[in-house]
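# Fold and geometry: a report
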Amino acid sequence: MQNYTDMFRLDGRVAVVTGAGFGLGRAFALGLAAFGATVVCADRDMPNAEETVGLARQSHGKAEAAHVDVAEEASVDAFWDKLKADHGGLDILINNAGVTSLPTRTHELSIAEWDRVTNINLRGVFLCTRRALPMMMARKRGSIINIASIAGLLGYYPDFARLAANYSAAKAGVIGLTRQAAAEYAADGIRVNAIAPGWHGGTNLGAASRGRWTPEQTARAEAAIHAGIPMGRRGTPDDLVGLAVYLASDASSYLTGQVIAHDGGWSAV
Ligand SMILES: NC(=O)c1ccc[n+]([C@@H]2O[C@H](COP(=O)([O-])OP(=O)(O)OC[C@H]3O[C@@H](n4cnc5c(N)ncnc54)[C@H](O)[C@@H]3O)[C@@H](O)[C@H]2O)c1
């Protein structure tokens with residue numbers, strides 16, 4: 001009989017989490033390390049990546065920091081070359097690094113801002129995934145977890161701009177990439193799933209726009225968010241850890257190509 005208590009363990013697995021220096025990525029990295037994985041905390045912000053590593057080690061986890069800018073081909077290639085040299089292969093990839101724009105209606109969105117966000121949030125996922133796949137194929141196993149957003153599933157406009165179309169379009173693209181890769185690599189033992197988080201606090205995403213709002217605008221935006229969430233609250237980074245460990249581990253061995261909304265019920269009603 002299967003040892004059910006061990007099915008979430010990740011001992012001996014090598015994991016990469018992009019954007020692990022802060023927010024959701026930090027929680028994913030700490031969660032995978034707590035379950036036994038060796039976690040490479042990849043970020044363009046090295047001091048923050050080092051801080052995540054320090055936190056993992058305080059809890060006796062195995063972690064190391066690495067620099068990557070997921071939107072830059074040369075940086076991504078250098079990162080994966082070093083990963084392969086240092087670890088020999090890869091079992092788990094969480095494509096988490098992402099940014100937003102200031103909330104902007106589509107006709108006011110600049111082309112430069114469209115390119116900046118889609119380059120990180122969609123092209124970056126492709127650049128990392130295309131390097132990770134051959135390493136996973138060599139091991140005949142792997143789990144890729146792409147961090148999309150409910151903005152990739154649903155439009156959102158609570159009578160004022162709260163998002164921008166570059167973000168939503170990139171996240172919808174991540175969902176398409178997830179399903180296509182799941183179909184292509186299932187026979188290679190590689191599973192590809194996406195998490196579509198709803199609103200989660202405790203991260204820096206959108207900090208630039210929050211800094212520009214008046215208290216009244218902030219209160220209006222908060223009220224609009226909470227009104228849309230049946231559970232009546234934002235999520236936290238820690239709320240997401242169990243789902244990430246599940247998707248990374250053998251506990252989800254028959255699950256691929258899925259997009260799991262993690263949103264307090266937002267997208268269900
Ligand atoms: N917080 C939410 O409510 C929420 C909701 C839906 C989806 N998401 C997604 O979750 C992911 C993490 O967001 P977060 O809220 O933790 O944001 P965050 O800003 O707190 O953290 C993002 C991390 O990614 C890193 N990063 C940004 N651009 C990078 C690049 N080009 N290369 C490497 N690293 C880069 C940052 O340095 C930072 O450490 C993003 O993909 C975001 O779109 C977040």
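Treat the numbers as computed from the prediction; the structure is a model and nothing was measured. (Residues numbered from 1 in each chain as written. Predicted model: local features only at pLDDT ≥ 70, side-chain atom pairs only at ≥ 80, totals over all residues. Heavy atoms only, no water.)

## Quick look at the packing of helix α3 (residues 73-87) against helix α4 (residues 111-139)
Packing of α3 against α4 leaves a shortest axis separation of 10 Å and a crossing angle of 25°. One element, α3, and the other, α4, form an angle in the roughly parallel class. For the element pair α3 and α4, the recorded crossing hand is right-handed. Contacts from E73, V76, D77, W80, D81, L83, K84 and H87 in α3 reach R123, L127, C128, R131, A132, M135 and R139 in α4. Of the residues assigned to the contact of α3 with α4, the class counts are seven nonpolar, one polar and seven charged. (Axes fitted to C-alpha atoms, helices over the stretch in contact; angles between N-to-C directions. Helix = DSSP H or I, 4+ residues; strand = E, 2+ residues; numbered from the N terminus. Parallel < 35°, antiparallel > 145°, perpendicular 65-115°, else oblique. Left-handed = near helix turned anticlockwise from the far one by under 90°. Contact = heavy atoms within 4.5 Å. Nonpolar A, V, L, I, M, F, W, Y, C, P; charged D, E, K, R; others polar.)

## Digging into the nonpolar core
Membership of the largest hydrophobic core comes to 30 residues, with the highest contact counts inside it found for V16, F79, W80, L90 and L93. At the level of elements, β1 (14-18), β2 (38-43), α3, α4, α5 (165-185) and β6 (190-197) are the ones that each hand at least two residues to this core. Per element, the largest residue contribution to this core is eight residues, and it comes from α4. The residues touching W80, leaving out its near neighbours within four places in the chain, are V16, L90, L93, C128, R131, A132 and M135. L10, V53, I147 and V241 belong to the second-largest nonpolar core, a separate cluster that totals 28 residues. (Core = buried A, V, L, I, M, F, W, Y, C linked by side-chain atoms within 4.5 Å. Buried < 20%, exposed > 50% of the residue type's maximum accessible area, 1.4 Å probe, protein only.)

## Here we look at the environment of G189
Following the sequence through the fold, G189 ends up in the loop between α5 and β6. For G189, a relative accessible area of 33% gives the class partly exposed. Distance in space between the C-alpha atoms of G189 and V53 is 29 Å, their sequence separation being 136 residues. Discounting chain neighbours no more than four positions away, the residues touching G189 are K140, R141 and G142.

## A few points about the packing of aromatic side chains
Inspection of every chain in the model, using the stated rule, returns four aromatic pairs. An angle of 75° between the planes, with centres 4.9 Å apart, marks the rings of F79 and W80 as edge-to-face. Here F79 matches W80 in class, with each residue buried. With centroids separated by 6.2 Å and ring planes inclined at 65°, the aromatic side chains of W199 and W266 adopt a geometry described as edge-to-face. Here the residue W199 occupies a position in the loop between β6 and α6 (207-210), and W266 occupies one in the segment after β7 (259-262), the gap between them amounting to 67 residues. With respect to class, W199 is no different from W266; both count as buried. Ring pairing ties together the aromatic residues Y156, W199 and W266, which thus form one cluster. (Phe/Tyr/Trp six-rings, centres within 6.5 Å; stacked < 30°, edge-to-face > 60°.)

## Topic: the pattern of salt bridges
Summed over all chains, the structure comprises 12 salt bridges. As a salt-bridge pair, D250 and R13 come within 3.0 Å of each other at their nearest N and O atoms. Taken together, the residues span a long stretch of sequence, with D250 in the loop between α8 (241-248) and β7 and R13 in the segment before β1 at a distance of 237 residues. In the salt-bridge network here, residues are joined through shared partners; they are D77, D81 and R131. (Salt bridge = Lys/Arg side-chain N within 4 Å of Asp/Glu carboxyl O.)

Just distances and angles here, no functional claims.
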